[in-house]
Every structure is written in C-alpha cells, then in structure tokens.
Amino acid sequence: MTTYYRPILQMFGPKPAGALALGWCWFDQVEVLARNAAPQIVPARAIPAAALDRLTTPRAQIAGMTLTTPRIMGILNVTPDSFSDGGLFTDPDAACTHALGMVRAGADIIDIGGESTRPGAQTVDHVDEIARTAPVIAAIRASSDTPISIDTRKSQVAAAALHAGATMVNDVSAMTYDPAMAKITAAAGAPICLMHASGDPATMQNDPAYDNVLLDVYDFLAAQISTATASGINRDRIIVDPGIGFGKTLAHNLTLLRGLSLFHGLGCAVLLGASRKRFIGTLGSAPQARDRTAGSVAVALHAITQGVQILRVHDTVETQQAMHLQMAMADQI
C-alpha cells in the first residue's frame, strides 16, 4: 500500500524550534495518507528520510528563475476561442505589446498558447498552432530576455517555439497526447511542466470521476515524472501542475486546492493555473471570466500559503500586488 505525506505548511507566526523549511513556508507536522485508511497527523521528523528529503530539498532554478519566492507566469493566448481572452491577441503586435506589459507589471515568465484547451475546445492542427505562436515568441524574444513558456500538447509546436526563443514547455497533457514531447524537450535541455488532465478538452468535463482525486492526480504525475526522467529530462527541470478545471468537478477542484502541499512530495516545483476558472465564477457569482479577478487572486494567495512556486495568471498587476503584501506580512520581504 502506497503511503503519501502532505506537509501541513505555515507561513505566518513564530516558527517553532526544529521546524523544517519548504521554500518560504515551514512545517513540523505531516498528514499521512493512504487509500482505504484514515489520515493521521504525525511529527514531520517521524516520516521516512527519503520522503522528508523530497519535501525539504530546495528547488533548483527553472528557466533562469530562482524559486525562493513565488513566481508569476503571465498568460498570453494567441487564440480566437480561449475562454477568457480569446480573440484579443491574435495580432502578433498586440500579443507582443501585451506580453511586454505583463513583464513590466511583474510577470516573471510569459506562457504563450495557440490552442484553446477550455472545456469543449477542438484540436488545432500543429501547422496553424505554430503559425500563431512562433512569430509572437520571436517578437517578444527580440525585445526582452524574459523567460517564455510554450503552452502546447504537440512536439512539433514545442520544437518550433524553442527554436523561436521559448525557454520551457508547458504540456497540459503531461506528454500523453504526443509521446515525442519527451524526446524534443530532453534534446533541447528545456524544463517542462507536466499537468494532469482527465480526458481530451472536448470531452473532459463530461462527468469526470476519481477513486480519490488527490491521490489519483498525485499518482498520475509521479508516473509521468518517471517517463520524463527515463527520457533524459532531469527531475530538477520538471514542474508539476494538478490541472485545476481539467476534467474536474467543483468538488474535485476544492479537494485539490486544500491538498496542494501534497504535490511537493514529488520533489519538483509546483505550478497552479486556476486563474478565472469556472469554479471561481460559480462560487463567486461571476458568470463572465473577466469578472473573476478577485476570486483568482484569493486562490493565488492560498496557493502561496501552500508553498506553490509558480502562479499562472491573467491578472498580473493584481496578483503581484497581493503577493507582495502577503509576503511582507509573513516577513518574507
């Protein structure tokens, strides 16, 4: 029976003697989880040394970014149909201007996507996806050395993006859509973000079900990390993302958010992409995605308390401001 260890993280108040560090957070207790067994709370130092090492080893730089403080990934969709900003940045000049504006507003990395993966979205041919993304990446790179992530499931798109100046790959299928993604990423020496998604975007919200969503997502990501490392991608170049909203109900999303700190046990940096998602609109009475900024910032602040290193957001100014206040109150600035 597999045993899982979720650190109970804190970032405010006095740090007890003997507490262990996880980024800007600390913990002295761990929730021990297992399938078909009741959770238990134990002292942190009582868990196996290997598990403790995975939790406490400082994460390496990713795409040139140190992870000793939360990092903001600004979203740039050069698509006609993304759920929040589809059609706004299909013109390369407008896309480049928006990207550079996010950098000035505090984004540490820009994530560029040429295929919508919203619920119900249809697959885009890789030729069209390259035509949408590669020129924008080249234009941004000509004006800025800010890290750029290519948000794609396709190895051909990733290869073209890396050639155009992208720094890392963000694969919402965690290399399950296109197994060649591992080879392309490894050959480029690029970091990759592996995200959990249940099913294809076109059908993923059709009654998603799990035995235990938190542990099922963890096991999937652990398996894909093994695939990546076997393909030559070092673990310190891997980021994991639980995939909020990708084949999950509102209850699933909330369970994952409550248990976020579990994913540090994978020994990789953790990214959260919950910005403007539908569950925020449901809970916050905001049917329109553009009206979900406050709820998105609330989720981002929660993620920071759970040690999440990278926040993928639409609203860079508001998230950056809230993050600075929270880190200052925690005496981390």
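This text goes with the structure placed above it.
Here the structure is a predicted model, which is why all the values come from computation and not from measurement.

1. Describing the overall build of the chain
Then step 1. Looking only at helices and strands, the chain features 10 helices and 13 strands.
Then step 2. Its C-alpha atoms give the chain a radius of gyration of 19 Å, near enough to 20 Å, the size a compact globule of 333 residues would have.
Then step 3. Overall, the C-alpha framework of the chain stretches about 55 × 40 × 40 Å when taken along its three principal axes.
Then step 4. For the chain, the share of sequence-separated contacts (at least 6 apart) that also reach a separation of at least 24 residues comes to 67%.
Then step 5. Split by element, the accessible area of the chain, about 13,500 Å² in all, is 52% carbon and sulfur.

2. What about the state of the cysteines?
What is meant by a disulfide is a covalent connection between two cysteines, made through their sulfur atoms.
Then step 1. What the rule picks out here adds up to zero disulfides.
Then step 2. Cysteine Cys268 shares no disulfide, and the gap to the nearest cysteine sulfur, in Cys193, comes to 9.8 Å.

3. Points about helix H9 (residues 293-305)
Then step 1. The end-to-end C-alpha distance of H9 is 19 Å, a good match for the 18 Å that 13 residues give at a rise of 1.5 Å each.
Then step 2. Residues of H9 that are buried include every one of Thr293, Ser296, Val297, Val299, Ala300, Ala303, Ile304 and Thr305, and no others.
Then step 3. Taken together, the buried residues of H9 touch strand S3 (25-27), helix H7 (250-258), strand S12 (269-272), helix H8 (278-284), strand S13 (310-313) and helix H10 (316-329).
Then step 4. Positive backbone phi, approximately 80 degrees, marks Gly307, located one or two places after H9.

4. Side note on the sheet that holds strand S10 (residues 192-195)
Then step 1. Sheet architecture is closed into a barrel: eight strands sit in the order S6-S7-S8-S9-S10-S11-S12-S13, paired in parallel fashion. In this sheet, adjacent strand axes meet at a mean angle of 25 degrees when their direction is disregarded.
Then step 2. Where S12 meets S13, two bridges bridge the pair, whose relative direction is parallel. Of the residues in S13, the one forming a bridge with Leu271 is Ile310.
Then step 3. Where helix H2 (residues 92-104) meets the sheet, its contacts fall on strand S6 (71-77) and strand S7 (109-113), and the angle it forms with S6 comes to roughly 165 degrees.

5. Remarks on the side chain of Thr146
Then step 1. If you trace the backbone, Thr146 turns up in the loop between helix H3 (126-143) and strand S8 (148-151).
Then step 2. Among the polar contacts listed, one links the side chain of Thr146 to the side chain of Ser144, at a separation of 2.8 Å.
Then step 3. Dropping the residues within four chain positions of it, Thr146 is found in contact with Val103, Asp108, Ile109, Ile110 and Arg141.

Rules and cut-offs
Residues numbered from 1 in each chain as written. Predicted model: local features only at pLDDT ≥ 70, side-chain atom pairs only at ≥ 80, totals over all residues. Heavy atoms only, no water. Helix = DSSP H or I, 4+ residues; strand = E, 2+ residues; numbered from the N terminus. Rg over C-alpha atoms; globule rule 2.2 N^0.38 Å. Contact = heavy atoms within 4.5 Å. Areas by Shrake-Rupley, 256 points an atom, 1.4 Å probe, with all protein chains shown as cover. Disulfide = S-S within 2.5 Å. Expected span 1.5 Å × (residues − 1). Buried < 20%, exposed > 50% of the residue type's maximum accessible area, 1.4 Å probe, protein only. Pairing = 2+ DSSP bridges. Axes fitted to C-alpha atoms, helices over the stretch in contact; angles between N-to-C directions. Polar contact = N/O pair within 3.5 Å; in protein donor to acceptor, adjacent residues only side chain to side chain.

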